[in-house]
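# Analysis of the macromolecular model
Residue strings, one per chain:
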Amino acid sequence: IPQYAETIIGMDGKEEASFKTLYLLHGLSDDQTIWMRRTSIERYADQYGIAVVMPAVGRSWYTDMANNANYFTFVTEELPNICFKTFKQLSDKREDNFVGGLSMGGYGALKIALKNPERYAAVAGLSGTLDIADVTRNRPIMEWKSIFGYDLESTDELYGTKHDNFHLANTLYKNGGK
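Let me sum up the structure you'll find in this document. (Residues numbered from 1 in each chain as written. Predicted model: local features only at pLDDT ≥ 70, side-chain atom pairs only at ≥ 80, totals over all residues. Heavy atoms only, no water.)

## Structural notes on the sheet that holds strand S3 (residues 97-102)
Strands sit in the order S2-S1-S3-S4 across an open sheet of 4 strands; the sheet is parallel. Sheet topology places strand S2 (50-53) and strand S4 (122-126) at the edges, where each strand pairs with a single neighbour. Between one strand axis and the next, the sheet turns by 20° as a mean value, whatever way the strands run. Strand contacts of helix H3 (residues 71-86): strand S1 (20-25), S2 and S3, with the helix running at about 140° to S1, the strand carrying the most contacts. (Pairing = 2+ DSSP bridges. Helix = DSSP H or I, 4+ residues; strand = E, 2+ residues; numbered from the N terminus. Axes fitted to C-alpha atoms, helices over the stretch in contact; angles between N-to-C directions. Contact = heavy atoms within 4.5 Å.)

## Looking at the packing of aromatic side chains
As enumerated under the stated definition, the model contains 4 aromatic pairs in all. Ring geometry for Tyr23 against Tyr120: centres 6.3 Å apart, planes inclined by 90°, an arrangement best described as edge-to-face. Within this pair, whereas Tyr23 is found in strand S1, its partner Tyr120 is found in the loop between helix H4 (104-115) and S4, the two being separated by 97 residues in sequence. One exposure class covers both Tyr23 and Tyr120, and it is buried. Centroid distance Trp144 to Phe148: 6.2 Å. Interplanar angle 25°. Geometry classified as stacked. Separated by 4 residues within a single helix, Trp144 and Phe148 lie in helix H6 (residues 141-148), roughly one turn from each other. Exposure remark for Phe148: the relative accessible area of 12% places this residue in the buried category. (Phe/Tyr/Trp six-rings, centres within 6.5 Å; stacked < 30°, edge-to-face > 60°. Buried < 20%, exposed > 50% of the residue type's maximum accessible area, 1.4 Å probe, protein only.)

## A few points about helix H2 (residues 41-48)
Because the α-helix completes a turn every 3.6 residues, residues three or four places apart line up on one side. Every buried residue of H2 is listed here: Ile41, Ala45 and Asp46. Along the axis of H2, the buried positions cluster into a sector of 135°, meaning they face one direction only. Opposite the buried face of H2, by more than 90 degrees, sit the exposed residues Arg43 and Tyr48. Of the surrounding elements, those touching the buried residues of H2 are S1, helix H1 (34-38) and S2. Count one or two residues on from H2 and you reach Gly49, which has phi positive near 65°. (Arc of directions from axis to C-beta.)

## Examining the pairing of S1
Here is the key point about a regular strand: its side chains alternate between the two faces of the sheet. Here 4 bridges tie S1 to S2, and the two strands are oriented parallel to one another. Bridge pairing in S2 links Leu22 to Val52. Relative to S3, S1 is paired through 5 bridges, and the arrangement is parallel. Bridge assignment links Leu24 to a residue of S3, and that residue is Gly100.

## What to know about the packing of H3 against H4
Where H3 contacts H4, the axes come no closer than 11 Å and their chain directions differ by 60°. Accordingly, the angle class assigned to the pair H3 and H4 is oblique. Here the hand of the crossing between H3 and H4 comes out right-handed. Judged by residue contacts, Phe72, Val75 and Thr76 of H3 engage Lys111, Ile112 and Lys115 from H4. Split by residue class, the contact of H3 with H4 holds 3 nonpolar, 1 polar and 2 charged. (Parallel < 35°, antiparallel > 145°, perpendicular 65-115°, else oblique. Left-handed = near helix turned anticlockwise from the far one by under 90°. Nonpolar A, V, L, I, M, F, W, Y, C, P; charged D, E, K, R; others polar.)

## Focus on the environment of Asn81
Relative to the helices and strands, Asn81 resides in helix H3. At a separation of 3.0 Å, a polar atom in the side chain of Asn81 contacts the main-chain carbonyl oxygen of Glu77. (Polar contact = N/O pair within 3.5 Å; in protein donor to acceptor, adjacent residues only side chain to side chain.)

None of this, on its own, says anything about what the molecule does.
What follows is the structure in structure tokens.
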């Protein structure tokens, strides 16, 4: 959350009644700390008055996994509820909430926004995985089974499911969603 103080260089001491919030999702080989270590996210958050939430989800693909590690539910329901209850200055209005991510996080951001369009004004996928079945095709199936379902025999089975962002986008479009 931006910290406004007149005694800090580059801060103007202004106070915000509520902040817009960006949920910023990490990639497969990183964790939530990558944004603080490799970007200027803190400076941008202060400059533009945006709160940034950076969850850690391991190699989950932002999915409620077969092993009952419910990362999709965590990021879409539990985490926002905790944030809104804990930090009263966060706005829960759609127009004030955004989700973005890098690589696996880009996939997750698109999936989250497509499944919850009423919650997010915009989504950004930075080098994000768009076609989950294609990306997973040439990798060992055992990891994908633990994520997407133990009965998975081929990643082609992901097409047309809740894990397929193209399917989610088409469904949202057909239903007149934003």
